[in-house]
Every structure is written in C-alpha cells, then in structure tokens.
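Next come the chains, spelled out residue by residue.
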Amino acid sequence: MNGMMILISAFILIACVLAVLYGLPLVIRWMQVHRWGKVSGKLALTYDDGPDEVTTAAVLDLLDELGVQATFYLVGFRGEKCPTMLERLKTSGHQLGTHTHMHKNAWKKPIWFEYRDAMRAYGTLGSAVDARSSYRPPFGKVTALTMIGMWLKGRRVEWWTVAANDTRDSFDDPEALAKKMLDDGESVVLMHCHHVEEHRRAFVLGLTRALIEQSRGCGVELVMMRDLCTKGDEPC
C-alpha cells in the first residue's frame, strides 16, 4: 500500500511539473494573443527564420520600396552564414529579435536544450541584436524554464495572431488572404524570410505587398512589434 501511494504521489508530482513547464507558456501565449486582439488599427508584419541571401534580401527590398518597418526574428546559425545580410538588417531600422540558434522544436528536445539554444542565439547574433531584444520560440513552442530565463534578462517572448502558412506548397490568393486578415482584425502576421523555393518566396512578397497596400487603404497603421506593447507585456 505504501509503495502504491509513493507511485501515485510521484505521478502527481511529475504531472504538476509538466503542467508548469509546458502548460504555463500556453496560458501566457493565450493571454498575449488575447491582449493583441484588443489592439485596433495597428498591424505588425513579422518574418521568422532568416537571414538568407535571397528571400531576406527580397523582403527588405520590398519594405524599403514601400517605406515600411517590420520585425525580423533571426536564427543564429543562419546569421553566422550570412554576415553581410546580418549587417544589412542591423542598419535597416527594422526591429530584430532572436529565434534560437538551431531552430528546434522545444517540445521535442530536453528542457535544457531549448534554454541553452535560445540563449546561445544572443551570442551568435550579438552583432545585430542587443541583450534585451525579444525572443520568438520556433513553432511557438517554449518551456517555462526558457520564459523565466528571458524575463530575468528583460526580454519579451512574442508570438503572433495569424500565420500566413507560407511553408506549405499551395496558398490562398495573397490579395484575398490579406483582406481576410484585415477584416478579422489581426494585429501580428507571421511570415518567413528564408525560403529557397521560388513559389514560397513569391507568395511572401505578394502577401507583404497586399497587406501594406490594403492596410494603407483602410487606415491601419503598420508598426513594429515594440509598438504593440500593451499593459502586461513589458518590457518593450
């Protein structure tokens, strides 16, 4: 009987630890997205997984052409491979955040791996980001350990309200998709800027242009992520 009670207690303890490690970030994510849902008249364009020499450059060229500032969440190992593009991003005026060094799913790795990999990116990307730059977890997956580590260093963990799904092989019409996002009141759009596939790159560029042009047409302000800070989201 005593052995059974010990097993039950151990099971409950493990369940509680897992609930905190993996469940707490889900609650915090929901709260953040819910707060952003109350932001009206603003739209943040965000791009993950760069930099590379082709798609990142094309996105920057388009943003420069249209005079818009966006937010980029950069992967450490790609930044090491593309120092010239990293330097361009640094001097571009866009907001830069980190997206780990190796871009792995935190829920498929030991809890210490994600923490170390997330922190490592601030070293490998140090020439472009500062110590308080925000962090976006790959696939949106993060543990409480990493979140606490980021908060202690004054960094925000940031998600998105809608994904463009540009890693797929078939897409909605960019004009129609942009209209739907704006009609739905989305405030943070997730796209990617590392595509080697031409059709995915073309979709990202088409959606970016459509979002910018339609936002201006309906009076929506295009902002960077730090401009979406609301109560409870500090530090900015």
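Residues numbered from 1 in each chain as written. Predicted model: local features only at pLDDT ≥ 70, side-chain atom pairs only at ≥ 80, totals over all residues. Heavy atoms only, no water.

## Overview of the overall build of the chain
Going by this rule: Think of it this way: any DSSP run of H or I at least four residues long counts as a helix, any run of E at least two long counts as a strand, and we number them from the N terminus. The reference for a compact globule is 2.2 Å times residues^0.38; the radius of gyration itself is calculated from the C-alpha atoms. We call a residue buried when its accessible area falls under 20% of the maximum for its residue type, exposed when it is over 50%, and partly exposed in between, using a 1.4 Å probe and counting protein chains only. Contact criterion: two residues are considered in contact whenever any of their non-hydrogen atoms come within 4.5 Å of each other. In these tables, accessible area is a Shrake-Rupley quantity obtained with a 1.4 Å probe, and a residue counts as shielded only by the protein chains included in the view. Only four residue types enter the tally: Lys and Arg on the positive side, Asp and Glu on the negative side, with His and both chain ends excluded. Where a charge lies is defined by one atom per residue type, namely NZ (Lys), CZ (Arg), CG (Asp) and CD (Glu).
Secondary structure assignment for the chain yields 8 helices and 6 strands. Relative to the 2.2 N^0.38 estimate, which gives 18 Å for 236 residues, the radius of gyration of the chain is 19 Å and therefore close to what a compact globule would have. For the chain, the C-alpha atoms occupy an extent of roughly 70 × 40 × 35 Å along the three principal directions. Burial status across the chain gives 48% buried among its 236 residues. Of the contacts formed within the chain by residues at least 6 apart in sequence, a portion of 79% connects residues at least 24 apart. Within the structure as shown, the chain displays about 11,500 Å² of accessible surface, and the carbon and sulfur contribution to it stands at 60%. In the chain, the 28 positive side-chain charges and the 28 negative ones have mean positions that sit 8 Å from each other.

## A few points about helix 5 (residues 111-124)
Going by this rule: To estimate how far a helix should reach, multiply one less than its number of residues by 1.5 Å.
Between its first and last C-alpha atoms helix 5 spans 21 Å; for 14 residues at 1.5 Å apiece the expected length is 20 Å, and the two agree. Looking at helix 5, one finds that the buried residues are Glu114, Asp117, Ala118, Met119, Ala121, Tyr122 and Thr124. Contact partners of the buried residues in helix 5: helix 3 (76-81), strand 3 (95-98) and helix 6 (144-152).

## Here's the deal with the packing of helix 2 (residues 55-66) against helix 4 (residues 83-91)
Let me state the cut-off plainly: All axes are obtained by fitting lines to C-alpha atoms, using only the stretch in contact for helices, and the reported angles, taken between N-to-C directions, cover 0 to 180 degrees. By definition in this entry, angles of less than 35 degrees are roughly parallel, angles greater than 145 are roughly antiparallel, angles of 65 to 115 are roughly perpendicular, and the rest are oblique. When the near helix sits turned anticlockwise from the far one by under a right angle, the crossing is termed left-handed; a clockwise turn instead gives a right-handed crossing. The classification used treats Ala, Val, Leu, Ile, Met, Phe, Trp, Tyr, Cys and Pro as nonpolar, Asp, Glu, Lys and Arg as charged, and all other residues, Gly among them, as polar.
Contact geometry for helix 2 and helix 4: axes closest at 11 Å, N-to-C directions at 25°. Judged by the angle between their axes, helix 2 and helix 4 are roughly parallel. The element helix 2 and its partner helix 4 pack so that their crossing is left-handed. Judged by residue contacts, Thr56, Ala57, Leu60, Asp61 and Asp64 of helix 2 engage Met85, Arg88 and Leu89 from helix 4. Broken down by class, the residue content of the contact of helix 2 with helix 4 amounts to 4 nonpolar, 1 polar and 3 charged.

## Details of a nonpolar patch on the surface
Spelled out, the test is: Every patch collects residues that have over 30% relative accessible area and no salt bridge, joining them within 9 Å if they carry like charges and within 5 Å if they are nonpolar side chains (Val, Leu, Ile, Met, Phe, Trp, Tyr). Any Lys or Arg side-chain nitrogen found within 4 Å of a carboxyl oxygen on Asp or Glu counts as a salt bridge.
Together, Val20, Leu24, Val27, Trp30 and Met31 make up a nonpolar patch on the protein surface, roughly 490 Å² of accessible area in all. By the element assignment, Met31 lies in helix 1 (residues 2-37).

## Focus: the pairing of strand 2 (residues 71-74)
Formally: Pairing between two strands requires that DSSP report at least two bridges joining them.
Going residue by residue along strand 2, you find Thr71 and Tyr73 tucked away on one face and Phe72 and Leu74 tucked away on the opposite face as well. Pairing geometry for strand 1 (residues 42-50) and strand 2, over 4 bridges, is parallel. Pairing of Asp48 across the sheet is with Tyr73, part of strand 2. As paired strands, strand 2 and strand 3 are joined by 4 bridges and run parallel to one another.

## Comments concerning unusual backbone geometry
Cis geometry is adopted by the peptide bond preceding Pro51, which originates at Gly50 and carries an omega value of 5°. With a phi angle near 80°, Asp49 is a residue other than glycine that sits in the positive phi range. Relative to the helices and strands, Asp49 is located in strand 1.

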